[in-house]
Amino acid sequence: MSQEAWSTAWSDPALRVPLFQVFSCLVRHLEKLMALKDSDENPSFRAFHCIFICIAVGLGPLLSGQLVPPVATATRVKVAKMAVDTQLLHALTRALAALVDAETKGSKQIVAAARIGDPNAGPLLQEQTPRAATVEYCGVCVRAFIEAALGPDAEKMRAVGLHRAIESSGALPRLARSMMPLSNVAVELDEALMAAAAAKAGGRAGGSRGTGGSSGSSSSSTAVRVHREGAIKQIRRVCAIVMELWDGHAEAIQAAARSEPSGGGKAGEAAASRIRWFEGLLSDPCVRHFMLQHLLAQVAAADGGSCYGMAPRQLLQAAEPMVPESDAMRLEVPNEDPFHTIMAAMGGGAEVPLLLLDCVYTSVAGWTVHSRPPPAAAAATAAGSGGGGGDGGSDCRSGSGITPDLQWPPGVPWQARNVFALVDSGGRSGLLRRPDVPLRGMQGLMRRLVDVCLASLVPGIKKHQQEQQRKLGGKAGASAGTTAQLYTIANAQPTATGRAFPARGSLMCASRATLLAFSNRCLQAQERLQQQQQKGGVAVGWGQALEPPQGDIRALWRPLVRITHACLDVALVTGVDLGECGFDKSGEAAATADADTKPPLYNEAVDALRFIERLMSPCGGLRLPRLPPAHAGLFTLLPSPPDGLRTALEAGYVPALERLLRALHRTEGSNRELCHRSLGGFGLFASHFRSFEPVWAAVFAYGEPREVASLMATSATTMRLMMSFVVGIADMTWDPEYTTGTIRAAKRRLPGEMAMRRRLIRGPNLLQGVLTWLANSAAPGGAPAVSNGWAAAAIEAPGAGPAAGALVLGERWWQRRWRHEMAAPGGAGSSSSGSGSGAFDWGVPQPALQALALCSFTMKRWVYWMARSGRNLCVMAQKVAISAAGHMPGLFVNPRTVGLCRLPDDPAARLDDDLDHVGVQTRTALGAACSVFRAVPVIVHAHLLCKEFAAEARQRAGSAGIGAAEAAAAQAAAEAAEAEAEAWKLLLLDFSHASCFELVAEVTELMTNTVAGSAVSSEHVRWTLYALLHLAVAFPEDAARELKKYQVPSPYFSSSPSRPATGPVPKVTADAALQAACVQVLGLQVQGIGTIAAEFFVLGRLINNGRAEPRDVEALKAGFPLLAPWCSVGKLPDALWARRVAALLPPLALAGELVGMSSDMCANRACVRMVGDSAAGVTLQRCGGRCGGAASYCCVECQRTHWNAGHKEACGKRAAVPK
Ligand SMILES: [Zn+2]
Ligand SMILES: [Zn+2]
C-alpha cells in the first residue's frame, strides 16, 4: 500500500478501528503461535506475519507523523489512545520476547542441520526467516511509539497515557535485550554457511581454504549478509532510539531551565516528570547494558576485534559510512545540521555500516550526565563551602575578605553552557547511573576510545592542512611550516585495522571519554572518603581541604594532553580562532550571537573546548599532585619527583597547557578578552596562576626547565593581556567612540569574570607566591634541619657577623663559576659565558638549581609586565576618579558611564569586584602595584649582591701580588657581575619606557585623590613606602632625578576646603604625597607614626641630595628593621627576608642560560603577541640597523610598531625597514 493509501485508511474511522483491531489481535496471536513447534513453518504464522508486517508498515509512519499527506494530529492521538487502552505495547513486548526466543531456537536447529550437510538447510539460509522479519517490524513499531511520544504532539500523547504505557510495557528494554541473542544467531548462521561454502569450494577446487572465502565465495557472502544485516539493522534501530531519547532529555532539561525562573509549581512538576520519564527509560539496566556493549563493540571493531560476536572480516565488508568524503572530513558544519541527522536518516539499506560513532557518543555523554541540584540544595552547598573555607587555612584566602568558592574561578564557559557537571551522576531524577563496570576496566576502555577517536581525526586534519597550504601557496612557506608538525598527526597511532570512525564527532567523543574516566575516578575517591568517614567517624572532609579527592588519575594525563592537542590542531587547520570562536564575525549575527542559544557556526574544536578547558583547569579538572609536605620547600626537595607528578610531566602536560593558553589568547581584543558570556575569559589562566604552591613549586623543581620557562613566559604575557582588559566600561567614558555599544557589550559579560581578574591582579597570584615560597624556604628555622652544604651556606651566609645588618659576601652558589675562574684563570679554557652550564658543578642539587633559575626567569617576566600594566591601571583609575568627581574635562559627557564610575552607597556593591566604580578600580590598581612593590626589595638586593661581587673582583684585580692572568680573570668576572647588576636594575628602572619611580608617582597620585582615597588600605601605603625606600637608597641619583620629574598634585592643597576654583594645582614629589597618604590611612595607629616620620625624613634627604650615606646603605642591608614587621613576606616577620631570597636567586642572564631559554624579550613594549605554540619556539629577530641588533622582535608586526614608536630615530635610516 502506498503512503497516500495509508493516510486515507487511517483518517477514515470506518477503516481505522477495524485495522487497529486486526493488528491488535495479530500481535496477541503471534505470541501464542510462537509456542508451537516449528513455528516458522506453521502456515497460520506465515499468514499472520504477512498481515502483521503489512499493517506495521502503515502504523509506523502514522505514529511518528511521517505519512504523506499528513494525518490529522487528532487521528494519531486516537490511534495512540486505542493502543494504550488495549495495552498494545505490552502485547508487542510479549510477542517480541516470544519471537526472539523461537527464532533463536529455530535458527540453532538450522545451523545444526547445515553443519551436518543437510541439503534442506541450504535454501533456508538464503533469506530472512519470517520470524526474523516479524521481529524487525516489532522493532519498527516500538520505535514509532517512542517517536510519537517525543514528537511535536508529545503533550497530547502524554494526555492519553502513551508515555506511561511505553514505560510500563518495558518495550525498549526488551528490544535492547533481544540484540544479544539475535546477533548471536546471525553469527552462528554466518559461520555455518561459511563452513558449508568452504567445504563445497574445497571439494571443487581442492584446498583454497586459506583465503577465508572472501574472494572465492561471493555467492555465499551475499546470502549470509541477509542475516547479519537483519541484526545490524536492529542494533542501529536501538541506537537511534537511545539517541532520540537522549536528545529529548537534553531538550527537556533546557526547557526546565527556561521555566525555572518563572517558578510555577505546577510547571516545575510537569518538567520534572518529563525528565524523569526520559531518565527512567535511559537508566533501564538492559538499555544501559546495550549502550556499554555498543561502545565496546565499536572500539573493538576498529581494532580488528569482534563486534557483537561477528567476525571482523565480515564486519569490515560493510561499506564505509555513506557520507561523501568531503563531508566526513568536514569539521565545520552549519548549525542547522543537527548532530544526529545523518545517523537518524539512515534507516538502513543494502550495505549498512556498523561503525557508528554517534551512539557511542550518546552513551558516553549519558554517563557523564549533568545533574543540577535544586536551587535550595545549591544554596545550602554554597553556604557550607563558604563556611568550610573560612576556617581552613589556604592560599585562597586574601586580604579583601573573599570567601573561597569551590566553583572558582567564575567566568568559565562550562558554567554558562548547560550540558554537564563533572563529579555527578544520576541526572535530575537520580536514576541515571554509570554502568557497573570495574573502574579500571572502564578507564582502559575510555583510553582506547580516545585513541581510536584521535586516529579518526587524522585524515580530516591532513586534508585541511593540505588545503590550507595550497591556499597559502608559495607565498608563506613559514606559516605552512608551522602547521606541518601537528601533534595529532605525529602522535596518533592508527588502529589495527586502519579503519576509524568518521572524523566528525570524534573529538567530542574523545573529550567526553576523558571526562568520563576522570569523573569516575573522582566519584570513586569521594565515595571511599565518605565510607572512611562513616566508619572512622573522622570529621575531615574535602570541604576543609577545599579540594575534592581525585583518586589515582595517573593514567589520564596522556589522554588529556592528546585531546588538548587534537582540539588545537583541529582549530588550526579549520582556521578557527579559539578566542573568537562560535561567532560569525560579520553581519547582524555578530551583534546578537550568543552560543547559549544558537551559535551561527558549529565547529567541533569549539564544542570540545569547553570540556578540555575544564579538564585542564586545576579547579574542576585534573590537578597535578602536590609535593609531600615535608619535601615542599626549596631545601627539602627530593632528588626525583613523586610518581604521579612524573607521569603528568612526562605526558607533556606543560607544553600542552602553554599551547592551549596561547591559542585562547592569541588575538588581542577578542571576545574572550572582553569576557563574552558564551566564550568565557581568563578562567584557565586564573585557575592556574593564582598561586605558586603547591603545583608550580613542584613543576619548577622537576619539569623540563625549558618547557616550564616557556610556559612562564607565556603566563606573563597573558597576565599583561588580562591586565589591559580589566579596565571596565567606566574608562570608556573618556572616549566618545564608546557609548551605548559598550554598555550593551558589558551586559553580555560573563558574571564574576571581572571580579576574578581583579582578584588575580591584587593577589594572591603567581608572583606573590614565588616570593612567599622563597622567603619561607630561606627563613631561618623555616627549613627544618638544613644540614647539606649549599643550603646551609645559602641561608646563613658564611662570614656573617653577629649583627644582622652586617651580612657580608657569602658563598652565593651562583657566584661559583666566577670565583672558580678567578681562582684558576684559563682552567676552564674559555670565558665565563662560554663554558656550558650543564658541565659546571654549581654545588646545588638539580631540582633546587632549576627551581631557582626558573624563579629568576619568572620574576623578570612577571615584574616587567605587572609594573607596566600596574602603572596603566593607576592612570586609568585616576581618570575614573576624576569622572566620579564630576571634573571630567572636554565636551563629551555620558551621564550613564559617569554614573557607573561613582562609588555606590550600598556597602555590598562597594566590595563587588565585578562593578566598574572608582573604589574597585583603585583597589585593583594599587593591588597590582603592591604585587610589584613586594618584588622590589628582592630585586634591589639581587642588584646589590652582584655589585658587591664586582667590587670584590675589581679589588682583587687591582691588588698587588697576583699574575696578569689572574688579574684579567678577576677583571672579566667583575665585568660579568656588573652586567648582571645592570640587568637587575634595568628591570626596575627602564627609563626609556616606565620605571618604578614613575609607578610610585602614579600610585601616590591615586592614593591622594580625594575620591579614590577611600579604597586605600594600610597595606598599600606601607608597601609603597618600603619599596620607595629600597629604590631611593640603592639608586639615589635616579631617585632624585625621576621623582622631581614625575611630580604629583599636592594632596595638602587639593584636600583643603579653601581650594581655589581655578588656577594651577601646586605639585610635590611623590614622597611628600606618600607621607600625606600615610598620615591619612595610618593616622590613628600611634605606634607607627614615629617610625614613619623618620623614614620620610631619610627619603626627603635622599631625594634632595641625590646620594646615599653609609648608614642608609646599612639600613637597607638590614632590611629597614623598623618597617620590617609590616612589610615582610613569608610566615614569620623577618627583616632580612628580601636579602635572603636575593642571595638565592641567580642573576638573569645566568638564569636564562640554566633554563635553556634566553631572558631577552621582544623590544616592542606593547607586544602581547603569542605567535606559535610556545614562547621558547619564537626566535627573536635582531634589528639589522645601526643599533647593531640591540633590539630584537618576535615578529615583523612588532618590528614595525617599534620602528614607528621611536626606534626609527634611535637606529637611523640605514636600518632594515620592515617590508
Ligand atoms: Zn635597530
Ligand atoms: Zn613582539
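Residues numbered from 1 in each chain as written. Chains lettered and ligands numbered in written order. Predicted model: local features only at pLDDT ≥ 70, side-chain atom pairs only at ≥ 80, totals over all residues. Heavy atoms only, no water.

Under an unreviewed UniProt entry, the protein has the name phytol kinase and belongs to Chlamydomonas reinhardtii. Taken verbatim from the UniProt record of the protein, the Sequence similarities (unreviewed entry) comment is "Belongs to the polyprenol kinase family." Listed in UniProt under the heading Subcellular location (unreviewed entry), the comment for the protein reads: "Plastid, Chloroplast membrane". (UniProt positions renumbered as here; feature names shortened; annotations may be inferred.)

Now for the overall build of the protein. Summing up its helical and strand segments, the protein has 52 helices and eight strands in all. In the protein, which comprises 1219 residues, the proportion classed as buried is 55%. The long-range fraction of contacts in the protein, counting pairs at least 24 apart against all pairs at least 6 apart in sequence, stands at 81%. Taken as a whole, the protein presents about 49100 Å² of accessible surface, with 56% of it coming from carbon and sulfur. (Helix = DSSP H or I, 4+ residues; strand = E, 2+ residues; numbered from the N terminus. Buried < 20%, exposed > 50% of the residue type's maximum accessible area, 1.4 Å probe, protein only. Contact = heavy atoms within 4.5 Å. Areas by Shrake-Rupley, 256 points an atom, 1.4 Å probe, with all protein chains shown as cover.)

Looking now at the packing of aromatic side chains. Per the stated rule, a full pass over the model turns up 19 aromatic pairs. Their ring planes at 75° and their centres at 5.0 Å tell us that W557 and Y653 sit as a pair that is edge-to-face. Of this pair, W557 sits in helix 25 (residues 557-573) while Y653 sits in helix 29 (residues 653-664), placing them 96 residues apart in sequence. An identical accessibility class is assigned to W557 and Y653; each is buried. Ring geometry for W1023 and Y1026: centres 5.8 Å apart, planes at 80°, overall edge-to-face. Of this pair, W1023 and Y1026 are both found in helix 44 (residues 1018-1034), three residues apart, which corresponds to roughly one turn of the helix. Residue W1023 shares its accessibility class with Y1026, and that shared class is buried. Ring pairs connect the aromatic residues F682, F685, F689, W696 and W862, which therefore count as one cluster. Note that R868 overlies the ring of Y864, its terminal NZ or CZ placed 3.8 Å from the centroid. (Phe/Tyr/Trp six-rings, centres within 6.5 Å; stacked < 30°, edge-to-face > 60°. Lys NZ or Arg CZ within 6 Å of the ring centre and 35° of its normal.)

What follows deals with the nonpolar core. If you look at the biggest cluster of nonpolar residues, it comprises 318 residues, and the most contacted ones within it are L449 and W696. With sequence-adjacent residues up to four places away left out, W696 is seen in contact with L657, H688, F689, S691, L711, M712 and L766. Judged by nonpolar contacts, the second largest core, of eleven residues, contains C1162, C1167, C1194 and W1203. (Core = buried A, V, L, I, M, F, W, Y, C linked by side-chain atoms within 4.5 Å.)

Enumeration according to the criterion identifies 41 salt bridges in this entry. Here R646 makes a salt bridge to D643, at a shortest N to O gap of 3.0 Å. Of the two residues, R646 and D643 both sit in helix 28 (residues 643-650), three residues apart, roughly one turn of that helix. (Salt bridge = Lys/Arg side-chain N within 4 Å of Asp/Glu carboxyl O.)

By the secondary structure assignment, T1004 is in helix 43 (residues 996-1007). Residue classification places T1004 among the buried positions, given a relative accessible area of 1%. Looking at T1004, its side chain comes within polar contact range of the main-chain oxygen of A1001, at 2.8 Å. T1004 has contacts with V1048, A1070, A1073 and L1074, leaving out every residue within four places of it along the chain. (Polar contact = N/O pair within 3.5 Å; in protein donor to acceptor, adjacent residues only side chain to side chain.)

Of note, the amide linkage connecting V68 to P69 takes the cis form, showing an omega dihedral of -5°. Tracing the chain through its elements places P69 in the loop between helix 3 (43-63) and helix 4 (73-85). For the peptide bond that leads from G763 to P764, omega is 5°, which places it in the cis range. We note that F1120 has phi near 45°; this positive angle belongs to a residue other than glycine. Within the secondary structure, F1120 is located in the loop between helix 49 (1110-1117) and helix 50 (1137-1144).

The coordination sphere of the zinc ion (ligand 2) contains the protein donors C1162 (SG), C1167 (SG), C1194 (SG) and C1198 (SG), at a distance range of 2.2 to 2.4 Å. Taken together, the four donor atoms surrounding the zinc ion (ligand 2) define angles of 104 to 116° at the centre, an arrangement classified as tetrahedral. Written as a sequence motif, the donor residues of the zinc ion (ligand 2) are C-x4-C-x26-C-x3-C. Note that C1167 is positioned in the loop between helix 51 (1148-1155) and strand 7 (1181-1182) and C1194 in the loop between strand 8 (1192-1193) and helix 52 (1196-1211), a separation of 27 residues in sequence. (Donors = N, O, S within 2.8 Å, 3.2 Å for Na, K, Ca; no water. Tetrahedral: all angles 85-135°; square planar, octahedral: opposite > 155°, others 65-115°.)

By the burial criterion, the buried members of helix 1 (residues 3-11) are W6, S7, A9 and W10. All buried residues of helix 1 fall inside an arc of 165° around its axis, so they share one side. The outward face of helix 1, more than 90 degrees from its buried face, is lined by the exposed residues E4 and T8. Where helix 1 is buried, its residues meet helix 2 (13-33), helix 3 and helix 4. (Arc of directions from axis to C-beta.)

Attention shifts here to helix 7 (residues 130-150). An α-helical segment advances 3.6 residues per turn. Residues three or four places apart therefore align on the same side. The end-to-end C-alpha distance of helix 7, which contains 21 residues, comes to 30 Å, matching closely the 30 Å that a straight helix rising 1.5 Å per residue would cover. When you tally the buried positions in helix 7, you get 18 out of 21 residues, the bulk of the element. (Expected span 1.5 Å × (residues − 1).)

It is worth spelling out the environment of A951 at this point. Mapped onto the elements, A951 comes out in helix 41 (residues 918-958). Placed 24 residues apart in sequence, A951 and E975 show a C-alpha to C-alpha distance of 9.8 Å.

Per-residue pLDDT for the protein averages 77, and the proportion of residues at 70 or more is 75%. Confidence drops under pLDDT 50 across residues 476-482; counting only partners more than four residues distant or on other chains, this segment forms three contacts. pLDDT under 50 marks residues 828-838. Its contacts with residues more than four places away, or in other chains, come to 17 contacts. (pLDDT = per-residue confidence, 0-100.)

Okay, the side chain of S710 next. Relative to the assigned elements, S710 resides in helix 32 (residues 705-724). We classify S710 as buried; its relative accessible area is 2%.

Time to look at the packing of helix 38 (residues 846-884) against helix 41. For the pair helix 38 and helix 41, the least separation of the axes is 8 Å and the interaxial angle reads 150°. Overall, the two elements helix 38 and helix 41 adopt an arrangement that is roughly antiparallel. The crossing of helix 38 and helix 41 is left-handed. Contact residues: M859, V863, M866, A867, G870, L873, C874, A877, V880, A881 and A884 in helix 38; V918, Q921, T922, T924, A925, A928, S931, V932, A935, V938 and I939 in helix 41. Residues that form the contact of helix 38 with helix 41 fall into these classes: 17 nonpolar, five polar and no charged. (Axes fitted to C-alpha atoms, helices over the stretch in contact; angles between N-to-C directions. Parallel < 35°, antiparallel > 145°, perpendicular 65-115°, else oblique. Left-handed = near helix turned anticlockwise from the far one by under 90°. Nonpolar A, V, L, I, M, F, W, Y, C, P; charged D, E, K, R; others polar.)

Applying the stated criterion to the full structure yields zero disulfides. No disulfide involves C138; its nearest neighbouring cysteine sulfur is the one of C141, lying 6.6 Å away. (Disulfide = S-S within 2.5 Å.)

Here the focus is the environment of L661. The topology assignment puts L661 in helix 29. Taking the C-alpha atoms as reference points, L661 and S715, 54 residues apart in sequence, are found 8.1 Å from one another. L661 has contacts with L684, F685, F689, L711 and T714, leaving out every residue within four places of it along the chain.

Each pair of packed helices can be summarised by the angle the axes make with each other and by the distance between the axes. Put simply, helix 37 (residues 816-823) and helix 42 (residues 964-988) touch, their axes get as near as 8 Å, and they point 165° apart. As judged from the angle between their axes, helix 37 and helix 42 are roughly antiparallel. Pair helix 37 / helix 42 crosses with right-handed handedness. Across the interface between the two elements, W818, E821 and M822 from helix 37 touch E966, A969, A970, A973, A976, A977 and E980 from helix 42.

The subject of this paragraph is the environment of A144. When you line up the elements, A144 lands in helix 7. Under the relative-accessibility criterion, A144 is labelled buried at 4%. In sequence terms A144 and L59 are 85 residues apart; their C-alpha atoms lie 8.0 Å from each other. The residues contacting A144, other than those within four sequence positions of it, are G60, L63 and S64.

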